[in-house]
Amino acid sequence: MVATSHDVMLDIELYQPTDEANALALAESLGKDGWLLGGGQDTYGWLKDRNKTASAMIELTQVDAWKGIKETSDGIEIGAVTQPVF
Ligand SMILES: Cc1cc2nc3c(=O)[nH]c(=O)nc-3n(C[C@H](O)[C@H](O)[C@H](O)COP(=O)(O)OP(=O)(O)OC[C@H]3O[C@@H](n4cnc5c(N)ncnc54)[C@H](O)[C@@H]3O)c2cc1C
C-alpha cells in the first residue's frame, strides 16, 4: 500500500521546554498524548503521511542540559540532543 502524503500536518500543540525539569514534567503530565520530538526526521514524515497522529509534541532539542560533550570519571558523555558542528 502506498501512503498518501499531505502538504501540512494536522494541528498539534507544540511545547518547547528549555530546561530538563520542565521537559520531564511535560512528558509526565501529557503521558501518551505527548509525542517526544528529537530531530523530527521520522516524525514529520509519519505525521504528514497520516501514518501516526499526535495531539501534542514536546520538542527536546532546546533542553540545554542535554546538549554537549563532556568528560566524566567513566569516560565521555554525549548529550541526547547534541548536534554536530561542521
Ligand atoms: C533522508 C533521510 C536519510 C536518513 N539516513 C539515515 C542513515 O543513513 N542512517 C540511519 O541510521 N538513519 C537514517 N535516517 C533515519 C533517521 O535519521 C533516523 O531514524 C533518526 O535517528 C531519527 O531521529 P530523530 O531525532 O529525527 O527522530 P524523531 O522523528 O524526532 O523521533 C523518532 C521517534 O523517536 C521518539 N523519540 C525521539 N526522541 C526521543 C527521546 N529522547 N526519548 C524517547 N523517544 C524519543 C519519537 O517520539 C518518535 O517516535 C534517515 C532519514 C532520512 C529522512
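Computed from a predicted structure; not experimentally measured.

Here is what the cut-offs are and how they apply
Residues numbered from 1 in each chain as written. Predicted model: local features only at pLDDT ≥ 70, side-chain atom pairs only at ≥ 80, totals over all residues. Helix = DSSP H or I, 4+ residues; strand = E, 2+ residues; numbered from the N terminus. Rg over C-alpha atoms; globule rule 2.2 N^0.38 Å. Buried ≥ 20, exposed ≤ 12 C-beta atoms within 10 Å, placed from the backbone. Contact = placed C-beta atoms within 7 Å. Core = buried A, V, L, I, M, F, W, Y, C linked by C-beta atoms within 7 Å. Pairing = 2+ DSSP bridges. Near = placed C-beta within 6 Å. Right-handed = clockwise from strand over helix to strand, strands pointing away.

Draft legend 1. Representation of the overall build of the chain in the model. When helices and strands are tallied, the chain shows two helices and five strands. Helices and strands in the chain line up, N terminus first, as β-α-β-α-β-β-β. Rg of the C-alpha trace for the chain: 16 Å, well past the compact-globule value of 12 Å for 86 residues, more than 25% over. Expressed as lengths along the three principal axes of its C-alpha atoms, the size of the chain is roughly 50 × 35 × 20 Å. A buried classification covers 9% of the 86 residues belonging to the chain. Partitioning the contacts of the chain with sequence separation of at least 6, the portion at a separation of at least 24 is 54%.

Draft legend 2. How the structure looks around the nonpolar core. Ranked by size, the top nonpolar core spans eight residues in total: Ala-23, Trp-35, Leu-47, Ala-54, Met-57, Ile-58, Leu-60 and Val-63. Those residues in contact with Val-63 that sit more than four places away from it in its chain are Pro-17, Thr-18, Asp-19, Glu-20, Ala-23 and Val-81.

Draft legend 3. Spotlight on the pairing of strand E2 (residues 34-37). With four bridges joining them, E2 and strand E3 (residues 56-59) adopt parallel strand pairing. Note on E3: the bridge partner recorded for Leu-37 is Glu-59.

Draft legend 4. Quick look at the site of the ligand. Taken together, Trp-35, Leu-36, Leu-37, Gly-38, Gly-39, Gly-40, Gln-41, Asp-42, Thr-43, Leu-60 and Ala-80 make up all the residues around the ligand. Take the shell around the ligand: its biggest share by element is three residues, from E2.

Draft legend 5. Representation of the pairing of E3 within the structure. Both strand E1 (residues 13-15) and E3 contribute to a ladder of three bridges, which runs parallel. Each residue of the ladder has a partner; that of Glu-13, found in E3, is Ala-56. For the crossover from E2 across helix H2 (residues 43-49) to E3, the handedness is right-handed.

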